[in-house]
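One-letter residues, chain by chain:
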Amino acid sequence: MNRLKLHFSRYSFYVILGIIIVSTVVTVMSIHAAYNYRTIKNGKIADMHENSRLTVAALHKNVAGMMAAYAVNDYETLLRNEMDRRDNYAVIVEDYNMGKILGQESYRTGQIRDGAWNAIDFDSDNPEHVKALTEAYSSESHDILTPQGKKIGTITVYLSDRTLNEAFRQLIVDTLINTLVISVFLIVLLFITIRLFVLKPLSDIVATIDEGNAQGIPLKPVPGEGSREIFALADKMNWMINTIKDSQKALEHQATHDTLTGLANRTLFDDRLEQGILKAKRNRTRLALLFIDLDHFKEINDSMGHKVGDKALKIVTRRLEKTIREEDTLARLGGDEFTVILEGIHEPQDASVLAEKILKALSEPMTIENRVFYSGCSIGISLYPDNGDLPDDLLKYADAAMYNAKNEGRNTFQYYSTDMTERAIERVVMETNLREGLKKGEIVVHYQPQVDGRNGTIVGMEALVRWQSPEYGLVSPAKFIPIAESSGLIVDLDRHVMKTAMIQIRHWYAAGFNPGVMAMNLAAKQLQQKDFIDYLEKLIAETGCKPEWIELEVTESQIMIHPEEAIQILSRLSDIGVRLAVDDFGTGYSSLSYLKKFPINKLKIDRTFVQDLPHDEEDAAITKAIVALARNLNLSILAEGVETPEQQAFLIENGCAHIQGYLYSKPLPTDEMEALLSNTLG
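Note that this is a predicted model, so its numbers are computed, not measured.

Some details on the overall build of the chain
The helix and strand inventory of the chain stands at 23 helices and 21 strands. Per-residue burial over the chain gives 43% buried out of 682 residues. The contacts of the chain with a sequence gap of at least 6 include a subset with a gap of at least 24, amounting to 65%. Total accessible area on the chain is roughly 36,500 Å²; 53% of this is exposed by carbon and sulfur atoms.

Quick notes on the side chain of Arg332
Mapped onto the elements, Arg332 comes out in strand S7 (residues 329–334). For Arg332, the side chain forms a polar contact with the side chain of Asp258, separated by 3.0 Å. Not counting chain neighbours up to four residues away, the residues in contact with Arg332 comprise Asp258, Leu260, Thr261, Leu263, Ala264, Asn265, Arg266, Leu313, Glu337 and Phe338.

Topic: the pairing of strand S16 (residues 517–521)
Counting buried positions along S16 gives 4 out of 5 residues, so the element sits mostly inside the fold. Across 4 bridges, strand S14 (residues 458–469) lies against S16 in parallel orientation. Looking at the pairing, Met461 lines up with Met518 of S16.

Describing the environment of Ser665
Of note, Ser665 is situated in the loop between strand S21 (658–660) and helix H23 (670–681). What makes Ser665 buried here is its relative accessible area of 9%. Ser665 sits 217 residues away from Gln448 along the chain, and the two C-alpha atoms are 6.6 Å apart. Discounting residues that sit within four places of it in the chain, Ser665 has contacts with Gln448 and Pro449.

Details of unusual backbone geometry
The phi angle of most residues is negative, glycine excepted, and most peptide bonds adopt the trans form. With an omega dihedral of 5°, the bond running from Tyr384 to Pro385 counts as a cis peptide bond. Inspection of the secondary structure assignment puts Pro385 in the loop between strand S11 (377–384) and helix H11 (391–407). With an omega of -5°, the peptide bond between Leu613 and Pro614 qualifies as cis. By the secondary structure assignment, Pro614 is in the loop between helix H20 (607–610) and helix H21 (617–632). Positive phi, close to 55°, is recorded for Asn411, a residue that is not glycine. Taking the relative accessible area as the measure of exposure, Asn411 reaches 40% and is therefore partly exposed. We note that Asn634 has phi near 60°; this positive angle belongs to a residue other than glycine.

Here we look at the pairing of strand S8 (residues 337–345)
As paired elements, strand S6 (residues 286–294) and S8 share 8 bridges and run antiparallel to each other. Note on S8: the bridge partner recorded for Ile292 is Phe338. Two elements, S7 and S8, share 5 bridges in a ladder whose sense is antiparallel. Bridging across to S8, Thr329 finds its partner in Ile341. Connecting the antiparallel pair S7 and S8 is a turn made up of 2 residues, with Gly335 showing a positive phi of about 55°.

Quick word on a nonpolar patch on the surface
Taken together, Leu180, Val184, Val188, Phe191, Ile192 and Leu196 make up a surface patch of nonpolar side chains, about 550 Å² in accessible area. Along the chain, Val188 turns up in helix H5 (residues 162–210).

With respect to helix H13 (residues 477–487)
Each turn of an α-helix holds 3.6 residues, which means side chains three or four residues apart point in the same direction. Of all the residues in H13, the buried ones are Phe480, Ile483 and Ala484. One side of H13 holds all its buried residues, which, seen down the axis, span an arc of 100°. Within two residues after H13, Gly488 carries a phi angle of roughly 90°, on the positive side.

Remarks on the side chain of Glu82
Within the secondary structure, Glu82 is located in helix H2 (residues 72–85). Of the residues examined, Glu82 reaches a relative accessible area of 4% and is grouped as buried. Reaching out from Glu82, the side chain makes a polar contact with the side chain of Arg86 at a distance of 2.9 Å. With near-sequence residues (within four places) excluded, Glu82 lies in contact with Leu54, Thr55, Ala58 and Leu59.

Here we look at the environment of Val184
Mapping Val184 onto the fold places it in helix H5. Given a relative accessible area of 46%, Val184 falls into the partly exposed group. Each C-alpha atom, one on Val184 and one on Val22, is 8.6 Å from the other, the two residues being 162 residues apart in sequence.

What to know about the pattern of salt bridges
Where side chains of opposite charge bring their charged atoms close, a pairing between them can arise. With the rule as written, the count across this model stands at 24 salt bridges. One salt bridge connects Glu135 with Lys131, and the closest N-O pair in it is separated by 3.9 Å. For the pair Glu135 and Lys131, one class covers both residues: exposed. Here Lys396 and Asp393 are joined by a salt bridge, their closest N and O atoms 3.7 Å apart. One end of the pair is Lys396 and the other is Asp393, both in helix H11 and 3 residues apart, which spans about a single turn. What makes Lys396 partly exposed here is its relative accessible area of 46%. Counted as one network, the salt bridges with shared partners bring together Asp293, Asp295, Lys406 and Arg410.

Cut-offs and rules
- Residues numbered from 1 in each chain as written.
- Predicted model: local features only at pLDDT ≥ 70, side-chain atom pairs only at ≥ 80, totals over all residues.
- Heavy atoms only, no water.
- Helix = DSSP H or I, 4+ residues; strand = E, 2+ residues; numbered from the N terminus.
- Buried < 20%, exposed > 50% of the residue type's maximum accessible area, 1.4 Å probe, protein only.
- Contact = heavy atoms within 4.5 Å.
- Areas by Shrake-Rupley, 256 points an atom, 1.4 Å probe, with all protein chains shown as cover.
- Polar contact = N/O pair within 3.5 Å; in protein donor to acceptor, adjacent residues only side chain to side chain.
- Pairing = 2+ DSSP bridges.
- Patch = residues over 30% accessible without salt bridge, like charges linked within 9 Å, V, L, I, M, F, W, Y side chains within 5 Å.
- Salt bridge = Lys/Arg side-chain N within 4 Å of Asp/Glu carboxyl O.
- Arc of directions from axis to C-beta.

Note that every value here comes from positions in space, so none of it alone points to a role or purpose.
What follows is the structure, encoded as structure tokens:
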């Protein structure tokens with residue numbers, strides 16, 4: 001059954017064409033036959049009526065005289081002779097005169113054809129003869145009149161359709177023969193035509209398609225020879241093939257290139273790096289891999305949204321493309337991470353030349369949506385064959401060098417060395433331990449007093465996070481805060497410190513101490529959390545801490561990333577009753593027009609301006625300017641990082657009485673801070 005279906009399917013095209021041709025010829029020939037039959041029929045009927053007319057004309061005069069003479073035998077002979085001459089079915093005469101003699105209405109006599117179409121005498125008493133007359137095709141009757149005009153009888157001529165039927169049968173036979181001959185001729189002619197002008201061009205098209213590549217796409221254009229339809233088909237197929245090729249190229253490009261920037265993605269980067277290493281082996285040259293990570297990009301992306309972040313990445317891409325050589329491979333591995341494969345270098349220092357150019361290009365400000373942003377980058381460099389010959393190792397080493405550059409202060413580059421790998425592994429282990437430490441309660445809070453330098457009284461304190469690790473001991477925030485920020489732990493860490501400090505200050509006030517205001521650092525990530533305001537209000541209610549006991553510190557650079565949103569969030573915090581301070585003031589390029597809009601209560605002079613007081617003239621001038629600014633904006637002022645009496649004296653003399661630093665106390669654990677409060681109370 002399947003083979004039968006396949007056979008029919010293979011030759012169904014010819015079968016369908018044959019059916020169409022035969023059906024068309026049959027239809028045309030049927031219409032033609034119907035027309036011919038109508039013409040023949042009309043002619044035959046006209047001949048029959050003409051015979052009838054001639055018969056009547058030939059008999060009327062003679063029969064009329066014979067009837068008048070009662071010569072029945074004579075006119076019967078005359079009727080037989082007329083039947084032999086004409087093709088009539090029957091000729092019947094009614095004789096009224098003879099009928100009177102016989103005692104009848106009329107005497108009927110005549111000639112009629114039998115089944116063999118022979119003329120025989122008509123017998124009026126024969127029912128078959130009478131019935132045959134009623135079934136005749138048609139008849140015509142004419143009165144027989146004397147010269148005086150007296151009706152003495154009638155002559156009736158009966159006509160048969162025998163000749164019509166014979167003509168119809170002959171027409172059918174002729175039509176069938178003609179149909180068969182014409183059909184065969186047209187089928188053969190059409191087969192040859194289709195074979196030459198349709199099937200052969202189609203076969204050429206199929207042959208071209210068969211000679212395709214591994215994906216089945218033809219290597220040559222589809223030929224368009226033959227009929228206009230074949231040409232149109234070939235043109236359409238070529239259009240479809242070109243569209244598929246374009247789509248395939250687009251898919252291949254998408255598979256190997258970054259959608260946002262159009263740069264090589266990780267897949268293409270891996271291939272280029274592997275090929276670059278093989279080429280460097282053959283040519284006995286070096287290859288450098290630069291791992292570039294943008295500084296502070298996450299803050300831009302989180303605060304301004306991904307739309308602005310994407311625009312920033314495109315700007316960075318254009319700057320990098322203008323900086324590198326045409327033969328270098330620039331790739332985006334994801335997020336704000338870029339790589340450059342630098343081939344054909346001879347000395348390790350050659351990579352530093354490009355690194356310096358990249359640092360300079362990316363340190364320029366970016367203007368996006370009428371706002372100015374600063375980013376910069378940190379670059380790690382690994383070398384083939386100095387640091388290995390495996391692509392994964394070179395990438396891993398460049399990544400480790402990049403982290404080392406960030407730890408060195410950002411906006412710089414570092415070459416890979418073996419101890420960087422050890423530090424990278426140490427960093428991963430530390431992140432894991434930090435997560436566990438947060439769960440196990442290893443995160444503790446120390447408190448550094450803030451003092452009125454004029455009388456030594458405590459006016460407040462800053463809550464500072466510490467990690468009391470069983471493995472590492474007391475870990476400095478400088479080591480684990482960057483890890484918390486990059487891993488996302490900073491939010492949980494921040495909230496733990498806030499809750500601990502708020503519970504503690506409520507306890508101290510309840511115990512009769514006067515700790516002043518509890519200052520707590522607010523991470524940029526924390527400020528961006530949609531539930532932060534609700535969380536803070538619930539925490540205040542839960543701990544029983546009064547809002548006026550709390551001061552949240554935000555850095556100047558943090559609030560200037562997206563100042564309009566910062567104004568809204570800080571205003572909501574101010575409405576709760578929480579005090580707000582700008583930490584590290586003077587380092588974040590703040591606009592005075594925005595500064596006066598922020599609902600802040602205090603400015604904190606950064607320690608970088610304090611450490612060289614009073615001897616550094618520039619730091620002295622900046623400090624005086626900040627104090628004057630705070631006074632004019634009706635803000636409190638506090639200097640941090642104060643370690644010497646000379647620094648204290650300069651600050652008090654110039655209007656900054658509130659001081660924080662090692663001159664008075666280092667950050668203290670809870671029990672030591674409580675002891676200090678007791679002494680002050682006493």
